[in-house]
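Now for the letters of each chain:
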Amino acid sequence: MSSAIPSLLFCLLLLAPQLGSSYHTSSNSHSGRHVVLRSSHDSRVPPSCPPVHSGDDDGGPLPVMHRRSACTPSSAGLDQSKPSVRDTFDRDALRLSTLFGKSGVTIPSTGTPLAALPGASEYHVAVGFGTPVQKFHVGFDTGSASAGATLLQCKPCAGARGAPCPRAFDPSKSTSLAHVPCGSPDCDVSECRGRRCTRTLNWKNGLQNATFVTDTLTLTRSVTVDKLRFFCLEMAARSGDGSSGILDLSRDRHSLASRVAPSPATVTFSYCLPSYADSIGFLSVGAARPELAGHNVSYATLRSKALHPNLYSVQLVGFSIAGRDSKISPIKFVGDTVFELHTTFTYLRPDVYAVLREQFKGWMRPYRAAPPLGDLDTCYDFSGLSALILPDVTLRFKGGATMDLDIENLMYFEDPGNHFSVGCLAFAAARTLEPVVAVIGTLAQGMTEVVYDVLGGKVGLIPRRC
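Residues numbered from 1 in each chain as written. Predicted model: local features only at pLDDT ≥ 70, side-chain atom pairs only at ≥ 80, totals over all residues. Heavy atoms only, no water.

Novice: Would you take a moment to explain empty space enclosed by the protein for this structure?
Specialist: Left-over empty space is what a probe sized like a water molecule reveals as it rolls over the atoms. Counted under the stated rule, the structure contains four cavities of 30 Å³ or more. Estimates place the volume of the largest cavity at around 60 Å³. Lining the largest cavity, in full, are Leu99, Thr142, Gly143, Leu311, Tyr312, Val338, Phe339, Glu340 and Tyr452. Here the residues of the lining of the largest cavity sort into six nonpolar, two polar and one charged. (1 Å grid on protein atoms, 1.4 Å probe; cavity = no way out; pocket = protein on both sides within 12 Å on 5 of 7 lines; lining within 4 Å. Points joined across faces, edges and corners; volume = space filled by probe spheres on them. Nonpolar A, V, L, I, M, F, W, Y, C, P; charged D, E, K, R; others polar.)

Below you can see the structure in the form of structure tokens.
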């Protein structure tokens, strides 16, 4: 670590008494470092909740909101507390196990279904189904862990036991709905019996009967998808996320992404996740190519021989800390890397993680170490400080894409609004993740637009887009 770092920190600490004493912070990146100062001024602007009703806007991206956002109508009456680190790791572990089999992260033994854990679908958009349009808040997923199609709760709600289920779609009120017949080429269910394509899915609070149907999806007033195939879930699922279903954006043939007409002037879809529960991101489907709009985008090449063909896999080729490349053999990075929407932390192969951790710890020697938080084993106590300096961490991908991690993407804070508290490197080792090299979680993706150009065979990254 450069000897200039402790001197710069010392100078900042001398100035600290003039900087105020509130918990609000300001952060700037300079020469491979993030400089964070305690400030008496809160630079964060309170959110202005937009009208997020599908069908009311004439094109443009869909606002993406965190499930704990005050702007999400579906969150009313639900627990808005932040999940504990242990709950988050349990949820991540189950998700990784669902996607890849053994994840190498400690799997809870409670038998709790993945989506019944806190933060089932962390991010929601508002869309419409049917004719006339019935509006719902749903999650979205690029992984399609089990169903291979969009999922939507439907009436009658078999598990409601007479209770109302207002967040469920009513097929009987849609004039455009049609059932996919058993034996149809679109019915991939080998055990299908009877006239309608049905199957049993493991979603939210257990096994649920589902019927495969087609109907109109309304994204905005001018953007609709006719005859979208999705599963109508008969059970009134209950979880902490308040959503009515989940849009499938995977590479499966029934996904919403598969319905986007390929064009050299557009991309399949893109999203930008908000970094805080009180901020807003966006989801675009079939939008104009970002470079045509003047955005500074870098692209990673999609792997043509990925182990999991329904996922958008790229290859991590290295990382740098404070501008210095990691000294690790390229062979360690051979394998799939995915950007994951239902995993909070970022997981690396143990040998790759060990190098990242040791280089990061070398930079952090001036700070007081703190006990681990769950599987986050590189933690520091910044309480009592008025300034701190963190190194820039940049992930590099085959094809030329780079991902610069800001302090909110790099560190996990128990108090997310207070950088001068206990913070941990938001990465962990997954012991048996192979042949997957890395899973990039939502914390690392915050504020970066992730662009999926399926026709071009690449995934783009645009920094600080929301």
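Novice: Where do I start with the side chain of Ser298 in this structure?
Specialist: In this structure, Ser298 sits in strand β14 (residues 298–301). Among the polar contacts listed, one links the side chain of Ser298 to the backbone nitrogen of Thr402, at a separation of 3.2 Å. Not counting residues up to four positions away in its chain, the partners in contact with Ser298 are Gly400, Ala401, Thr402, Val459, Gly460 and Leu461. (Helix = DSSP H or I, 4+ residues; strand = E, 2+ residues; numbered from the N terminus. Polar contact = N/O pair within 3.5 Å; in protein donor to acceptor, adjacent residues only side chain to side chain. Contact = heavy atoms within 4.5 Å.)

Novice: Just checking my understanding: could you explain the state of the cysteines for this structure?
Specialist: Throughout this description, disulfide means a covalent bond between two cysteine sulfur atoms. According to the stated counting rule, one finds four disulfides in the structure shown. In this model Cys187 forms its disulfide with Cys197; the gap between the sulfur atoms is 2.2 Å. Handedness of the Cys187-Cys197 disulfide follows from its S-S torsion of about 85°: it is right-handed. Taken together, the residues span a long stretch of sequence, with Cys187 in the loop between β7 (178–179) and β8 (198–202) and Cys197 in the loop between β7 and β8 at a distance of ten residues. A single burial state applies to Cys187 and to Cys197, both of which are buried. With a sulfur-sulfur separation of 2.1 Å, Cys272 is cross-linked through a disulfide to Cys466. (Disulfide = S-S within 2.5 Å. Buried < 20%, exposed > 50% of the residue type's maximum accessible area, 1.4 Å probe, protein only.)

Novice: So what exactly am I meant to see when it comes to the nonpolar core here?
Specialist: Nonpolar side chains in soluble globular proteins generally cluster together in the buried interior. Residues Phe129, Phe140, Tyr271, Phe339 and Phe397 are the most contacted members of the largest nonpolar core, which totals 76 residues. Inspection of this core shows a minimum of three residues originating in each of domain 1 (123–261) and domain 2 (278–460). The contact partners of Tyr271, leaving out residues within four places of it in the chain, are Phe140, Thr142, Phe282, Leu283, Phe339, Leu341, Gln445, Thr448, Glu449, Val450 and Tyr452. Counting 21 residues, the second-largest nonpolar core is a separate cluster that includes Val85, Phe89, Tyr347 and Tyr412. (Core = buried A, V, L, I, M, F, W, Y, C linked by side-chain atoms within 4.5 Å. Domains from an automatic or database assignment.)

That is the geometry; function is a separate question.
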